[in-house]
Amino acid sequence: MENRKVLKSGEFLVSEVESKDVFIPEEFNEEQSMIAQTCRDFLEAEVYPNLEKVEKSDRELMKTLLKKSGDLGLMGISIPEEYMGFGQSFVTQMLVAETTGAGYSFSVAYMAHCGIGTLPIMYYGNEDQRQRYVTKLATGEFIGAYCLTEPGAGSDANSGKTNAKLSDDGKHYILNGQKMWITNAGFADTLVVFAKIDNDRVLSAFIVETKYPGVVIGPDEHKMGIKGSSTAQIYFNDVKVPVENLLGKRGEGFRIALSILHMGRIKLGGNVLGAAKKAITDSVKYANERKQFGVLISSFGSIKQKLAEQVIRLFAAESAVYRVSKDIDDLMDKLKVDCGDKGRASIEAISHYAVEAAILKVMGSEMLDYVADEAVQIHGGMGYSAEMFVERGYRDSRINRIFEGTNEINRLLVVDTAMKRAMKGEFDLFGEAEKLYNNLDSIISGKAPEGPYFTQKHEYIKNFKKAILICMHGATKKFEKDLVNQQEVLNNIADMMIDTYTAESLVLRVEKLEALKGNSPIYRDMADVLVFDAADRIRKAACDAIYSFAAPEEATKPVKAIEKLSATAGVNVKEARRRIAGKLIEDNQYKF
Ligand SMILES: Cc1cc2nc3c(=O)[nH]c(=O)nc-3n(C[C@H](O)[C@H](O)[C@H](O)COP(=O)(O)OP(=O)(O)OC[C@H]3O[C@@H](n4cnc5c(N)ncnc54)[C@H](O)[C@@H]3O)c2cc1C
């Protein structure tokens with residue numbers, strides 16, 4: 001493991017890393033690039049030609065596609081070799097998540113299988129369970145699903161009513177209840193089911209085979225998008241689950257469910273990158289073919305503006321995704337040495353980065369919604385035609401803001417988790433915040449950031465962090481324990497954190513890219529536009545928060561400080577976006 005500075009989860013609020021210490025996608029090695037190419041080839045050869053058929057709810061065809069990806073080894077990427085997988089690094093897992101993310105509903109079925117359907121058993125299963133199930137899930141012999149949601153238990157996942165009782169002979173748990181919205185339900189062989197044993201307060205987890213008597217799978221839901229993925233209700237009627245299939249300890253299910261959701265969120269952050277790259281390439285290809293008023297529509301400023309903005313948001317999201325993926329990789333390596341069990345070490349490392357997981361989930365899903373929406377717009381009327389990929393992409397994108405914890409829940413988690421980590425003493429957030437709040441005058445009278453290009457950019461970002469701390473301090477002081485009920489303010493702070501982490505990741509990437517490959521004006525353009533726009537959003541969110549916790553006369557000073565901390569030099573965003581769009585238009589595909 002190379003010697004580099006790695007921040008703890010949420011610590012970015014009070015600390016900085018140097019660009020040499022972040023991983024950037026331009027550093028993928030040859031093996032990683034080959035794995036990504038295998039995924040792309042698979043989508044071209046097997047998935048795209050079959051999309052219409054799977055979207056007619058052809059469960060058998062989707063199952064066949066999944067199994068074919070298993071034959072190619074794509075299901076074992078995250079699984080250690082001793083369980084029939086390929087034991088790839090977390091960065092590689094994310095690259096696979098990204099590349100398969102361009103596969104529309106196949107991508108949802110594949111990710112549900114490889115992630116939430118398989119990894120709970122890999123991470124929390126004992127040796128016998130891993131041998132019985134993970135070895136088969138890693139090759140595609142079995143297909144997996146994850147059953148947490150119930151009709152009455154969605155965001156409040158621990159409130160489920162599914163129940164398990166030990167049989168009189170002590171050999172089985174008798175499972176009764178109902179799950180809904182279960183991805184891969186139509187053809188799964190194994191289910192990870194969350195249920196309460198007797199009158200327990202918290203959930204336990206069970207491995208349930210769909211062939212057990214009493215498991216009944218409902219018909220597929222009629223969905224807005226991802227129509228090819230099977231989503232159905234599952235009923236458990238006196239299902240006898242062998243006691244050996246209790247996953248983890250009794251009462252450990254809620255922890256397992258939450259940890260797996262952290263993993264799902266980070267992987268979703270990777271997944272949306274692939275979908276966005278596909279939509280951008282489709283957009284530019286169309287813009288380079290379609291003529292109106294005697295010229296290609298790609299020559300219009302309005303279209304360039306959209307194309308460039310698609311690229312900037314995607315590139316920024318990608319910077320954040322791989323930055324945290326490498327941090328997780330390093331922590332995994334360390335924990336594997338410390339605790340010995342590869343599964344537990346992996347999930348501990350992923351769960352540690354819960355703040356960034358929630359950031360990637362919200363930012364990535366909203367980035368894709370923007371990109372998919374503008375892709376339709378660039379296609380005009382054709383964007384509304386079901387014949388076009390962008391129409392499907394638009395419908396398929398929407399789910400990402402709902403599953404793996406809704407974006408509302410994840411915004412709350414961004415702030416709550418960072419504050420809890422700070423309270424545990426992992427980094428000094430509250431002390432720094434108080435100092436800043438007590439020194440608002442010096443912020444107001446301070447000098448604007450100056451110096452060489454990257455120094456100035458880093459100063460802007462440090463200022464954004466100060467703005468976040470000021471809002472956190474003011475809100476905590478005003479609302480105290482009632483802060484949890486002030487969701488609008490928490491949302492403001494979450495948005496500032498999301499923008500700051502993303503902007504910082506992009507700037508660090510551009511800086512490292514220049515160190516590796518020399519000056520790159522297009523990438524500076526991206527950093528310029530994103531930081532300029534982020535500053536404005538941060539100013540607005542911070543002012544909204546301050547006016548929510550301070551009376552107008554008390555708000556004057558903190559608001560002035562925020563104006564100062566969010567001030568940046570002007571940017572000619574029109575020309576910067578035109579240059580970015582120019583490269584995209586010339587390449588006629590996303591190639592940044
Ligand atoms: C296509 C699809 C596939 C899915 N796949 C799976 C799967 O494989 N396995 C599985 O277990 N589940 C799955 N789900 C379920 C999914 O995770 C839930 O739909 C999601 O967690 C939201 O729960 P809910 O639908 O009950 O919405 P609700 O929890 O009822 O939320 C409704 C609205 O209220 C908001 N809200 C709720 N609580 C709060 C709060 N405390 N503060 C602020 N706002 C709040 C939500 O953000 C949302 O906007 C899937 C869902 C879909 C649609």
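That block above? That's the structure.
Now for a quick tour of the structure. (Residues numbered from 1 in each chain as written. Predicted model: local features only at pLDDT ≥ 70, side-chain atom pairs only at ≥ 80, totals over all residues. Heavy atoms only, no water.)

When helices and strands are counted, the protein shows 20 helices and ten strands. For 592 residues, the compact-globule formula gives about 25 Å, and the C-alpha radius of gyration of the protein, at 24 Å, lands near that figure. The buried share among the 592 residues of the protein stands at 61%. Contacts in the protein between residues far apart in sequence, at least 24 positions, make up 78% of those at least 6 positions apart. (Helix = DSSP H or I, 4+ residues; strand = E, 2+ residues; numbered from the N terminus. Rg over C-alpha atoms; globule rule 2.2 N^0.38 Å. Buried < 20%, exposed > 50% of the residue type's maximum accessible area, 1.4 Å probe, protein only. Contact = heavy atoms within 4.5 Å.)

Further remarks concern the pattern of salt bridges. Inspection of every chain in the model, using the stated rule, returns 48 salt bridges. Arg250 is the salt-bridge partner of Asp198, the closest N and O atoms lying 3.5 Å from each other. Taken together, the positions of Asp198 in the loop between strand S4 (190-197) and strand S5 (204-209) and Arg250 in the loop between strand S8 (246-247) and helix H8 (253-287) put the pair 52 residues apart, joining distant regions of the chain. When the shortest N-O distance is used, the salt bridge between Arg579 and Asp525 registers 2.8 Å. Placement of Arg579 in helix H20 (residues 573-587) and of Asp525 in helix H18 (residues 521-549) is noted, with a sequence separation of 54 residues between them. Here the salt bridges do not stand alone but share partners, grouping Glu26, Glu98, Lys277, Glu318 and Arg509 into one network. (Salt bridge = Lys/Arg side-chain N within 4 Å of Asp/Glu carboxyl O.)

The next thing to look at is the site of the ligand. Around the ligand, the surrounding shell holds 21 residues, and the nearest of these are Thr149, Ser155, Trp181, Thr406 and Glu408. A distance of 2.8 Å separates a nitrogen atom of the ligand from a polar atom in the side chain of Thr183. Residue Gln487 places a side-chain N or O atom 3.0 Å away from a nitrogen atom belonging to the ligand. Summarising the interface, the protein chains cover 67% of the accessible area of the ligand, which totals 970 Å² for the free molecule. (Near = heavy atom within 4 Å. Polar contact = N/O pair within 3.5 Å; in protein donor to acceptor, adjacent residues only side chain to side chain. Areas by Shrake-Rupley, 256 points an atom, 1.4 Å probe, with all protein chains shown as cover.)

One ladder, built from nine bridges, connects strand S3 (residues 172-183) with strand S7 (residues 231-242); its direction is antiparallel. In the strand pairing of S7, Leu175 is matched with Val239. One ladder, built from four bridges, connects strand S6 (residues 215-220) with S7; its direction is antiparallel. If you follow Val216 over to S7, its bridge partner there is Tyr235. (Pairing = 2+ DSSP bridges.)

To continue, consider the nonpolar core. Side chains that are nonpolar tend, in soluble globular proteins, to be buried together. Counting 179 residues, the largest nonpolar core has Leu191, Val208, Met472, Met497, Met526 and Phe592 as its most contacted members. Examining the composition of this core, we find that 17 residues originate from one element, helix H9 (residues 301-339), more than from any other. In this structure, Val208 is in contact with Leu175, Asp189, Thr190, Leu191, Val193, Val215, Phe236, Val239 and Val241, ignoring residues within four places of it in sequence. The next biggest cluster of nonpolar side chains, apart from the first, holds 26 residues, and it includes Leu51, Leu65, Tyr104 and Phe106. (Core = buried A, V, L, I, M, F, W, Y, C linked by side-chain atoms within 4.5 Å.)

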